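Below, each chain spelled out in residue letters.
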Protein chains: 2
Amino acid sequence: MREVVILGVGMHPFGKFLDVPLRDLTAVAVWQAIEDAGVDPRAIDVAYFGNAVGGIMTGQESVRGQVALKHAGLYGIPVVNVDNACASSSTALHEAVLGVGSGMYDVALAVGAEKLYSPDTGKSIEALASATDVEVVAAIGMQFTAYYAMELREFMEKTGTTQEDFARVVVKNSKNGSLNPYAQFRQPRSPEEVLAAREIAYPLTLYMCSAMGDGAAAAIVCAKEVAGRLSSRSPVSIKASTLMSGVLRQSEADPDTVVACARKAYSQAGIGPEDVEVVEVHDAMAPAEIQYYEELGLCGEGEGKELIRRGATDLTGEIPVNPSGGLASRGHPVGATGLAQIAEIVWQLRGEAGERQVKGKNGTTPRVGLTHNAGGLVEGEPAACCIHILSV
Amino acid sequence: MREVVILGVGMHPFGKFLDVPLRDLTAVAVWQAIEDAGVDPRAIDVAYFGNAVGGIMTGQESVRGQVALKHAGLYGIPVVNVDNACASSSTALHEAVLGVGSGMYDVALAVGAEKLYSPDTGKSIEALASATDVEVVAAIGMQFTAYYAMELREFMEKTGTTQEDFARVVVKNSKNGSLNPYAQFRQPRSPEEVLAAREIAYPLTLYMCSAMGDGAAAAIVCAKEVAGRLSSRSPVSIKASTLMSGVLRQSEADPDTVVACARKAYSQAGIGPEDVEVVEVHDAMAPAEIQYYEELGLCGEGEGKELIRRGATDLTGEIPVNPSGGLASRGHPVGATGLAQIAEIVWQLRGEAGERQVKGKNGTTPRVGLTHNAGGLVEGEPAACCIHILSV
């Protein structure tokens, strides 16, 4: 496969935009990515449009991307609409990587856009429930918060991680989010505030849960071999792009989906977790971040709590995680989240992350970053887990 | 790009199946494809699931493929959900070609499944309207029949094609459909019946329009280089896989989307229209078939009517078109149609099409087939036009 690079990224800030249609959110993110990439938009050969719940939320299914991109002034590019729940836009990027990597296309646009806010909150909840089997899981009223709460209680019991540790994740991420102009929630939270907040389902309190959100994010990718003639921008390489939808486990000892997907990604990139310098994880519920430390191999099993306690994943720590603020602070308009993670890592690897810029192992700009995006739930495992490893 | 081949295809018959859920339609098509391919299902590396309106029709967005495939007993395969209106499953195949062609995956499953029938017909109509810009085109009540009727009137005026010619298409296709055990409508129609049927929008009468339908179709594709060790099945090569979403035209003289997409496909395959021996076109309204003869280069401009008048596109003609019965007779459960076309061409190229088997130019089984699948409408052009050229 040809090597694929990212030339530019863009984002519409995440937030509550009841009056802004999906197409307008899309246009802002896409044109920012095109300008950032410094490419002629006529060079774009194909577009992958990630969106999870537009059909239920807006009645626009079938040709979501074509409608949004036409409105953005980008008519005439072949469009593939991609859906994978909260992992829709990392899946869009995965497909862009395959399209360019195969040689069929030279330049691809990957977009993720979502509107979750609605004057009718019931509609939003119905839409989000569609990330599970609606005839089984959603039908018994099993919401994602309830599912995470059960998982986290088991994790606490097994590892000795406490609710205070979970609050530490929110404290860290809300501080990061306060430094991110694209973030939906920019109020830093104290441990006391987090623990005293309304309980959603023990151990989850309000500030630990990602909220409704609207937003969009985009990236321009191309074959490394053509990057130089398209733009003077320094490309960021995509070293790994892996997708899994659950794994068959014979026993508890078998790797779960995140572990298996991460191993595949490290193998594709030819590196190990010790080489990663900055990470964005899918903390739809902030406490799960600690589980992901372990599953991504950033520490050993049961050691996640130590990382958060000693500040290892802070902006100034040895392995910063969620410098953007993560899903609970930056926001989580589901179909846009994957590419927002990618945008953050691209900015970090370029040294363009402003006040929340992290440093790499040698004290300068980091050179290797990882994103972990997950979507939906089938048989108790993520219906889509998509990991990308980027490097400069 | 690595050469990609089809090892097997499968279909759930098209029809009205109010009590059969999408997952059951899917399971039948997928397992038939797996058995036809003669591959171990554990060899499947990735699945592309095409569906257009499941979110609106069933409330299942986000993880449609994961839910359906889990039910089919295929849990743990990475799934990408693909939507492109009536071209959803040819787009799924296009993505499968890129995934395998790139070298990332060796074996891919492409599926298309759709349920359009509902006890609530209003819901079906709302769902189908989502193949246009719902805030503009659908909002003014512009249905596809109305749009086609306007296009066809212009075509009649320009080329001298008559309503009788359009009826001839239905006569041919309904005869073909009567020989197809997978077809939804198996009643051959006489020219008189077609012309006397209820007028939908002149020149369209009832039997010229595709109807509601439920169904599923699937294909197993793999890299040519691994086909031999996976199965003893003779592979069918995918010589071209092209996707376009409208084209920018400066003037009437510029090629429209179908013409441009076909030229790209012929160039990819290294052949011309004169080499094609059997064709499936997207006759959502049967008369449009005559336009497609011209746009695909099967004849010159304005000559389409001659082809249908002299029976050139009959099963026994020089270039058989829609041997399956096409959309109006085989049925058109939108997200399943593209792969149903592929299944038909695979059966024709293998000489397995039974009573509707066509002959190639040298009097034996045809060696080259083409499918033309279109989806949605943006700016008066197909939002997705997907052409595949297959050969043995």
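Preceding this paragraph is the structure being described.
Residues numbered from 1 in each chain as written. Chains lettered and ligands numbered in written order. Predicted model: local features only at pLDDT ≥ 70, side-chain atom pairs only at ≥ 80, totals over all residues. Heavy atoms only, no water.

A. How the structure looks around the overall build of chain A. A count of helices and strands for chain A gives 14 helices and 11 strands. The C-alpha atoms of chain A give a radius of gyration of 19 Å, which matches the 21 Å a tight globule of 392 residues would have. The principal-axis extent of the C-alpha atoms belonging to chain A is close to 55 × 50 × 45 Å. Within chain A, the proportion of its 392 residues that are buried is 66%. (Helix = DSSP H or I, 4+ residues; strand = E, 2+ residues; numbered from the N terminus. Rg over C-alpha atoms; globule rule 2.2 N^0.38 Å. Buried < 20%, exposed > 50% of the residue type's maximum accessible area, 1.4 Å probe, protein only.)

B. Representation of the interface of chain B and chain A. On the side of chain A, 61 residues touch chain B, which itself brings 61 residues to the contact. Of the roughly 4,800 Å² buried between chain B and chain A, counting both surfaces, carbon and sulfur atoms make up 52%. Summed over the shared surface of chain B and chain A, the result is 10 salt bridges. Note that B:Lys70 is salt-bridged to A:Asp133, the shortest N-O span being 3.1 Å. Seen at the junction of chain B and chain A, the total is 39 residue pairs in polar contact (both at pLDDT 80 or more). Listed by contribution, the elements that provide at least two residues to the side of chain B that touches chain A are helix 2 (54-58), helix 3 (64-71), strand 3 (79-83), helix 4 (88-101), strand 8 (236-244), helix 10 (257-269), strand 10 (368-378) and strand 11 (381-391) of chain B. Top contributing element to the side of chain B that touches chain A by residue count: helix 4 of chain B, with 6 residues. Relative to strand 3 of chain B, strand 3 (residues 79-83) of chain A runs antiparallel, the two being bridged by 3 bridges. Bridge assignment links A:Asn81 to a residue of strand 3 of chain B, and that residue is B:Asp83. (Contact = heavy atoms within 4.5 Å. Buried area = accessible area lost by both parts, 1.4 Å probe. Salt bridge = Lys/Arg side-chain N within 4 Å of Asp/Glu carboxyl O. Polar contact = N/O pair within 3.5 Å; in protein donor to acceptor, adjacent residues only side chain to side chain. Pairing = 2+ DSSP bridges.)

C. Expanded view of empty space enclosed by the protein. Going through the model one piece at a time under the given rule, you end up with 3 cavities of 30 Å³ or more. Its volume calculated, the largest cavity comes out at about 60 Å³. Taken together, the elements giving at least two residues each to the lining of the largest cavity come down to helix 3 (64-71) of chain A together with strand 11 of chain B. For the lining of the largest cavity, the element with the highest residue contribution is helix 3 of chain A, accounting for 3 residues. Grouping the amino acids of the lining of the largest cavity by side-chain chemistry returns 8 nonpolar, 4 polar and 1 charged. Taken as a whole, the second largest cavity encloses approximately 50 Å³ of empty space. In this structure, the second largest cavity is lined by A:Ser245, A:Val378, B:Gln66, B:Leu69, B:Lys70, B:Leu74, B:Tyr75, B:Gly76, B:Ile77 and B:Val79. In terms of residue count, helix 3 of chain B provides more of the lining of the second largest cavity than any other element does, 3 residues in total. (1 Å grid on protein atoms, 1.4 Å probe; cavity = no way out; pocket = protein on both sides within 12 Å on 5 of 7 lines; lining within 4 Å. Points joined across faces, edges and corners; volume = space filled by probe spheres on them. Nonpolar A, V, L, I, M, F, W, Y, C, P; charged D, E, K, R; others polar.)

D. Seen up close, the packing of helix 6 (residues 144-159) of chain A against helix 11 (residues 288-295) of chain A. Residues and elements named next belong to chain A. It is at 10 Å that the axes of helix 6 and helix 11 come closest, and there the two elements cross at 60°. It follows that helix 6 is oblique to helix 11 by the angle criterion. Here helix 6 and helix 11 pass one another in a crossing that is left-handed. Contacts between helix 6 and helix 11 involve Tyr148, Glu151, Leu152, Phe155 and Thr159 on the former and, on the latter, Ala288, Ile290, Gln291, Tyr292 and Glu294. Looking at the contact of helix 6 with helix 11 residue by residue, the class counts come to 6 nonpolar, 2 polar and 2 charged. (Axes fitted to C-alpha atoms, helices over the stretch in contact; angles between N-to-C directions. Parallel < 35°, antiparallel > 145°, perpendicular 65-115°, else oblique. Left-handed = near helix turned anticlockwise from the far one by under 90°.)

E. Inspection of the packing of aromatic side chains at higher detail. Applying the stated criterion to the full structure yields 4 aromatic pairs over all chains. Ring geometry for B:Tyr147 against B:Tyr148: centres 6.3 Å apart, planes inclined by 75°, an arrangement best described as edge-to-face. We note that B:Tyr147, like B:Tyr148, is buried. Over the ring of A:Tyr207 we find A:Arg189; its NZ or CZ atom is 4.0 Å from the centre of that ring. (Phe/Tyr/Trp six-rings, centres within 6.5 Å; stacked < 30°, edge-to-face > 60°. Lys NZ or Arg CZ within 6 Å of the ring centre and 35° of its normal.)

F. Representation of the relation of the copies chain B and chain A within the structure. Superposing chain B onto chain A requires a rotation of 180° together with a translation of 0.0 Å along the rotation axis, leaving an RMSD of 0.0 Å. On the angle and the small slide along the axis, the relation comes out as a two-fold axis. Closest to the rotation axis within chain B is the C-alpha of B:Ser102, separated from it by 1.9 Å. Same-surface contact between copies: 100% of interface residues of chain B are shared with the interface of chain A. (Least-squares fit on C-alpha atoms with pLDDT ≥ 70 in both.)

G. How the structure looks around unusual backbone geometry. Residue and element names in this part refer to chain A. Following Tyr202, the chain continues into Pro203 via a peptide bond in cis, with omega recorded as 5°. Secondary-structure assignment places Pro203 in the loop between strand 5 (199-201) and strand 6 (204-205). Backbone geometry at Ala85 places phi at a positive 55°, although glycine is not the residue there. Assignment of secondary structure puts Ala85 in the loop between strand 3 and helix 4 (88-101). With a phi angle near 55°, Glu379 is a residue other than glycine that sits in the positive phi range.

H. View of the packing of helix 4 of chain B against helix 14 (residues 334-350) of chain B. Residue and element names in this part refer to chain B. In the contact formed by helix 4 and helix 14, the axes pass within 5 Å of each other and the chain directions differ by 60°. What the angle tells us is that helix 4 and helix 14 run oblique. Across from Ser88, Ser89, Ser90 and Leu93 in helix 4, the residues of helix 14 making contact are Gly335, Ala336, Thr337, Gly338, Leu339 and Ile342. For the contact of helix 4 with helix 14, the per-class residue count stands at 4 nonpolar, 6 polar and no charged.

I. Structural detail: the side chain of A:Asp283. Residue and element names in this part refer to chain A. Here Asp283 is to be found in the loop between strand 9 (278-280) and helix 11. Although buried, Asp283 forms no salt bridge, and the nearest oppositely charged side chain, Arg330, lies 6.2 Å from it. Those residues in contact with Asp283 that sit more than four places away from it in its chain are Asn173, Glu289, Tyr292, Asn322, Gly326, Leu327 and Ala328. (Lys, Arg positive; Asp, Glu negative; His and termini not counted.)

J. Spatial organisation of the side chain of A:His12. Mapped onto the elements, A:His12 comes out in strand 1 (residues 4-15). Dropping the residues within four chain positions of it, A:His12 is found in contact with A:Phe17, A:Asp24, A:Leu25, A:Val28, A:Ala29, A:Tyr182, A:Gly215 and A:Ala216.

K. A look at helix 11 of chain A. All names here are of chain A. Burial analysis of helix 11 places 8 of its 8 residues in the buried class, which makes it a mostly covered element. Among the residues of helix 11, Ala288, Glu289, Ile290, Gln291, Tyr292, Tyr293, Glu294 and Glu295 are the ones counted as buried. Where helix 11 is buried, its residues meet helix 6, helix 7 (163-178), helix 10 (257-269), helix 12 (304-309) and strand 10 (368-378). Where helix 11 ends, the next residue or the one after it, Gly297, has phi of about 80°, a positive value.

L. Layout of helix 14 of chain B. Residue and element names in this part refer to chain B. Helix length check: helix 14, at 17 residues, gives a terminal C-alpha distance of 26 Å against a target of 24 Å (1.5 Å per residue), a fit within 8%. The buried fraction of helix 14 is high, at 17 of 17 residues. Following helix 14 by one or two positions, Gly351 adopts a phi angle in the positive range, close to 75°. (Expected span 1.5 Å × (residues − 1).)

M. Inspection of the pairing of strand 11 (residues 381-391) of chain A at higher detail. All names here are of chain A. With 11 of 11 residues buried, strand 11 is to be regarded as a mostly interior element. With 10 bridges joining them, strand 10 and strand 11 adopt antiparallel strand pairing. By the bridge assignment, Leu377 is partnered in strand 11 with Pro382. Counted between consecutive antiparallel strands, the loop separating strand 10 from strand 11 contains 2 residues, among which Glu379 sits at a positive phi close to 55°.

N. Structural detail: the pattern of salt bridges. With the rule as written, the count across this model stands at 48 salt bridges over all chains. In this structure, A:Asp133 and B:Arg23 form a salt bridge, with 2.8 Å as the shortest nitrogen-oxygen distance. Of this pair, A:Asp133 sits in the loop between helix 5 (121-129) and helix 6 while B:Arg23 sits in helix 1 (residues 22-37), on two different chains. Considered together, A:Asp133 and B:Arg23 belong to a single accessibility category, that of buried residues. Across the pair A:Lys172 and A:Glu289 runs a salt bridge, and its minimum N-O distance is 2.8 Å. Taken together, the positions of A:Lys172 in helix 7 and A:Glu289 in helix 11 put the pair 117 residues apart, joining distant regions of the chain. Neither residue differs from the other here; A:Lys172 and A:Glu289 are each classed as buried. Taken together, the shared-partner salt bridges in this structure form one network comprising A:Arg23, A:Lys70, B:Asp133, B:Glu135 and B:Glu379.

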